[in-house]
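The lines below spell out each chain.
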Amino acid sequence: MVAVNKSKKEIKYLCTDCGNTTPKWVGKCPFCGAWNTLKEHAVEPVNTGAARGGRGLGGPVHQVVPLRDVATEDTRRLSTANAEFDRVLGGGLAPGSLVLIGGDPGIGKSTLVLTTLATMTAAGVKSLYVSGEESACQVKLRSERLNVSGSDMLLLCETSLEKIIEHAKEVKPQVMVIDSIQTVYKGDLSGTPGSASQLRECTLDLMVFAKNTGCITILIGHVTKDGQIAGPRILEHMVDTVVYFEGDRNHQYRLLRTIKNRFGATDEIGVFEMTSHGLESVANPSRVFLQENTPPTPGSVVCCTLEGSRALLFETQALVNQTGFAVPQRVAAGIDPKRLTIILALLEKFGGVSIGASDVFASIAGGMKVTDASSDLALALAIASNHLGIPLSRQTIAVGELGLSGEVRSVALLDQRLKEARRLGMVEAVVPANGKLPEALEGMKVVRVHSLSEAISWLMDKK
């Protein structure tokens, strides 16, 4: 008789997008429809002593109560003393919230939270920094570089979740940072730190702790090579707020963007500058992305996008050059390459700009990534400007979406965009003909265009 090995682990396939499992591998997830997202993982049994019932979240456990009878406690937000960080979070840290911060290695995640905790501690907020990647000496050396080594912030170097929660219950911090969630593990699970089951269970326990104690918990998360938080996508569903760092780590400016926020607007951004003393808020981000005191050059047009509630001016650049290859190149940086291809086709058909045999390079100055369709007109004018050799004034802004029939379509909140442009010294604006304008734009000339051909004709008049 052959003995059965009961200790053998069961193998299932976990979808990294939706977190559901299947008994066998398939190319397309049957739950969310994503392709090639199923990854093999071993089902790790929980020890018998670790079995537990339901976990209440900041209210009566196992009780059904009418909504009107639920008592609301003090829900005032806690300021981080960092204007840009507060903006991204929706006005500050909400009590009992769970925040996930992701970004490329070395982009400034640990720097931001360490300086933020030190500033909040100086303001009388009790904070705990849990480091799972550095020793206490290494954290001290980093704090000296950031000029916060004299802070009374509490420090714990630990990776065991049970010990972390035990110490947190003892010291009762108002804010706790886990750096990083991929290094934390539970002793009653057999998986290694960072595995799917460890990440899921650790995040769930930290969420329960945050909701029941009111402790604001910030998790630092590693990202994969495609820029996603490492581990199952279910982590982003469990937390209250997800923010990502964007930008090149070799560039001095970084963007902090909200992807999800239960307590505020999504797609808000904060702009930071990396200095020798850490990340510092940028008070006027629009001026960061605009090149001032330089003569106008062909191929550069100013545009305005909306990031959450913020109107942000940026510079669209284009270079058109005769190709040396059989197939012309189409290169885009900070712009959707497919959108660039569509605009080139519109210029050929409706704008009378023949560039089919030329290389075209387009980018957003300053390392920004823009997905707003309102930048279509600015990109088309930048390409035509460079191809025709007609420079546009740096005090001219172009805003509008291009339709496939060559029309210039209206954009959302045009009046807010133009007010920001006027505040920054813009004197001329090319906008859709049916766009809503502010009541007063003293000193700004507004050019209304119905189609791309009208916009190109306006450009030709500048020659």
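Residues numbered from 1 in each chain as written. Predicted model: local features only at pLDDT ≥ 70, side-chain atom pairs only at ≥ 80, totals over all residues. Heavy atoms only, no water.

## Considering the nonpolar core
To be explicit about the condition: Among buried residues, the Ala, Val, Leu, Ile, Met, Phe, Trp, Tyr and Cys ones that are joined through side-chain atoms within 4.5 Å form a nonpolar core. Think of it in three bands: residues with accessible area under 20% of the maximum for their type are buried, residues over 50% are exposed, and the middle band is partly exposed, with areas taken using a 1.4 Å probe on protein chains only. We count a stretch as a helix when DSSP gives it H or I for four or more residues in a row; a strand needs E for two or more, and each element gets its number in order from the N terminus. Only heavy atoms matter for contacts: two residues are in contact if any of them lie within 4.5 Å across the pair.
Formed by 63 residues in total, the largest nonpolar core has its most connected members in Leu313, Leu347, Leu377, Leu381, Ile383 and Ile397. With eight residues, the top contributor of residues to this core is helix α9 (residues 376-388). The contact partners of Leu377, leaving out residues within four places of it in the chain, are Ala398, Val399, Gly400, Leu402, Val408, Val430, Val449 and Ala455. If you look at the next biggest cluster of nonpolar residues, it comprises 29 residues, including Leu117, Met120, Leu146 and Val148.

## Overview of the packing of aromatic side chains
Note the following rule: A pair of Phe, Tyr and Trp rings is counted when the ring centres sit within 6.5 Å of each other, with Trp represented by its six-membered ring. The angle between the planes then sorts it: under 30 degrees is stacked, over 60 is edge-to-face, the rest tilted. Lysine and arginine charges are scored as sitting over a ring when NZ or CZ, respectively, is within 6 Å of the ring centre and within 35 degrees of the ring normal.
Counting across every chain of the model gives one aromatic pair. One residue, Lys349, lies across the ring of Phe350, its end atom 6.0 Å from the ring centre.

## Regarding the packing of α9 against helix α11 (residues 452-460)
Short version of the rule: Interaxial angle, 0 to 180 degrees, is taken between N-to-C directions of lines fitted to C-alpha atoms, where a helix line uses only the stretch in contact. An angle below 35 degrees is read as roughly parallel, one above 145 as roughly antiparallel, one from 65 to 115 as roughly perpendicular, and any other as oblique. Crossing handedness follows the turn of the near helix against the far one: under a right angle anticlockwise gives a left-handed crossing, and clockwise gives a right-handed one. Any residue that is not Ala, Val, Leu, Ile, Met, Phe, Trp, Tyr, Cys, Pro, Asp, Glu, Lys or Arg is counted as polar, Gly included; the first ten are nonpolar and the last four charged.
Between α9 and α11, the shortest axis-to-axis distance is 11 Å and the interhelical angle comes to 45°. As far as their axial angle goes, α11 and α9 are oblique. In the packing of α9 onto α11, the handedness of the crossing is right-handed. Contacts from Leu377, Ala380, Leu381, Ala384, Ser385 and Leu388 of α9 reach α11 at Leu452, Ala455, Ile456, Trp458, Leu459 and Met460. For the contact of α9 with α11, a count of residues per class yields eleven nonpolar, one polar and no charged.

## Some details on the sheet that holds strand β8 (residues 216-221)
How we decide: When DSSP finds at least two bridges between two strands, those strands are taken to pair.
Strand order in the open sheet made by the nine strands is β6-β5-β7-β8-β4-β9-β10-β11-β12, with mixed pairing throughout. Since the sheet does not close on itself, it has two edges, and those belong to β6 (154-157) and β12 (278-281), each with one partner. In this sheet, adjacent strand axes meet at a mean angle of 25° when their direction is disregarded. Across four bridges, strand β11 (residues 269-275) lies against β12 in antiparallel orientation. Looking across to β12, one finds that Met274 is bridged to Leu279.

## Things to note about helix α4 (residues 161-171)
Residues spaced three or four apart along an α-helix point in a common direction, a consequence of the helix completing one turn every 3.6 residues. Stated precisely, the cut-off is as follows: Here the arc refers to the set of directions running from the helix axis out to each C-beta atom.
Buried within α4 are the following residues: Leu161, Ile164, Ile165 and Ala168. One face of α4 carries all of its buried residues, which in axial projection span an arc of 90°. Of the exposed residues in α4, those oriented more than 90 degrees away from the buried face are Glu166 and Glu170. On the buried face of α4, the contacting elements are β5 (127-131), β6, β7 (175-179) and α5 (196-213). Phi turns positive one or two residues past the end of α4, at Lys172, with a value near 55°.

## Considering the pairing of strand β10 (residues 253-261)
Burial within β10 is extensive, with seven of its nine residues counted as buried. Both strand β9 (residues 241-246) and β10 contribute to a ladder of six bridges, which runs antiparallel. Paired with Val243 across the strands is Thr258, a residue of β10. Sheet analysis places β10 next to β11, joined by five bridges and oriented antiparallel. The residue of β11 that forms the bridge with Arg254 is Phe272.

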